Amino acid sequence: MPNARFSEEGTTKISLFRGDPDRKLNLTFSPFNWMEGGFYYADITDKVYGNNFSQSYKDKGFNVKFRLKEQGIYPALALGFNDFAGTGIYGSEYFVSSYKFGKIAFSLALGWEVLAGSAPEAASRRAVKRRFLATTRPITTRTAGTVRDGPAGLAHGRRRAD
């Protein structure tokens, strides 16, 4: 669940996750008090690597989050992009609002792709787009005033604040 909270400037974090089907190594850094970036390396145990290799699928990507507003009377706001330079398996974009009240932190996010529950659709759209961009044919796209192609979803959560 994304949130609009940020670590102090100069902070670096590392985390390991061993679940099923994902196993992830995350490195997150905060070069500024208004930005967090990260790199992840994932081992996806229920997906085949391909070409008859006897191992699970590997993936890597980058995440970034920007502070739009700090918490005051109104909640903090942030804009984030997950897996923006990877395969897109974990790809998502989101706006998130967080409010810390005592020892409880509340978050509400509007997200696309993985956060909207449409990861397979997003990955297949990206694969088709890459295939067409590799050709010499001209491509036309319609934007018609939409902000983002694909469904959006709401995510919410609360947790005990540190």
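Residues numbered from 1 in each chain as written. Predicted model: local features only at pLDDT ≥ 70, side-chain atom pairs only at ≥ 80, totals over all residues. Heavy atoms only, no water.

Q: How should I be thinking about the overall build of the protein chain in this particular structure?
A: Secondary structure assignment for the protein chain yields one helix and eight strands. Written out in order from the N terminus, the α and β elements of the protein chain read β-β-β-β-β-β-β-α-β. Just so you have it, the protein chain exposes about 11100 Å², and 58% of that area is on carbon and sulfur atoms. (Helix = DSSP H or I, 4+ residues; strand = E, 2+ residues; numbered from the N terminus. Areas by Shrake-Rupley, 256 points an atom, 1.4 Å probe, with all protein chains shown as cover.)

Q: Can you walk me through unusual backbone geometry in this structure?
A: Glycine aside, residues mostly have negative phi, and peptide bonds are mostly found in the trans state. The amide bond that connects D20 to the next residue, P21, takes the cis arrangement and shows omega of 15°. By the element assignment, P21 lies in the loop between β1 (11-18) and β2 (22-32). With a phi angle near 55°, D83 is a residue other than glycine that sits in the positive phi range. Locating D83 in the fold gives a position in the loop between β5 (76-82) and β6 (92-101). Overall, the relative accessible area of 3% leaves D83 in the buried class. (Buried < 20%, exposed > 50% of the residue type's maximum accessible area, 1.4 Å probe, protein only.)

Q: It is not clear to me how the environment of L68 should be interpreted in this structure. Could you clarify?
A: Along the chain, L68 falls in strand β4 (residues 56-69). Along the sequence, L68 and L79 sit eleven residues apart, while their C-alpha atoms lie 6.9 Å from each other. If sequence neighbours within four positions are ignored, L68 has contacts with L77, A78, L79 and F95. (Contact = heavy atoms within 4.5 Å.)

Q: Even after reading the chapter, I still don't get the confidence of the model for the protein chain, so can you show me in this structure?
A: Atomic detail in the predicted coordinates should be set aside for any region of low pLDDT. Across the protein chain, the average pLDDT comes to 77, with 72% of residues at or above 70. Mean pLDDT values over the elements of the protein chain span from 47, in helix α1 (residues 119-133), up to 93, in β5. The low-confidence segment residues 131-149 (pLDDT under 50) makes seven contacts with residues lying over four places distant or belonging to another chain. (pLDDT = per-residue confidence, 0-100.)

Q: I would appreciate a short explanation of the pairing of β4 in the present structure.
A: A regular strand places its side chains so that they alternate between the two faces of the sheet. As defined by bridge partners, strand β3 (residues 35-48) adjoins β4 across eleven bridges and the pair is classed as antiparallel. Bridge assignment links I44 to a residue of β4, and that residue is Y57. Bridge count for β4 against β5 is six bridges, and the pairing is antiparallel. Counted as the bridge partner of K69 is L77 from β5. Adjacent in sequence and paired antiparallel, β4 and β5 are bridged by six residues. (Pairing = 2+ DSSP bridges.)

Q: Explain the pattern of salt bridges here, please?
A: Side-chain pairing between opposite charges can occur once the charged atoms of the two side chains come close. Inspection of every chain in the model, using the stated rule, returns four salt bridges. Here R23 and D43 are joined by a salt bridge, their closest N and O atoms 3.6 Å apart. Of this pair, R23 sits in strand β2 while D43 sits in strand β3, and the two are 20 residues apart along the sequence. For R23, a relative accessible area of 31% translates into the label partly exposed. The shortest N-O distance in the salt bridge between E70 and R67 comes to 4.0 Å. Among the charged side chains, a salt-bridge network with shared partners connects R23, D43 and K58. (Salt bridge = Lys/Arg side-chain N within 4 Å of Asp/Glu carboxyl O.)

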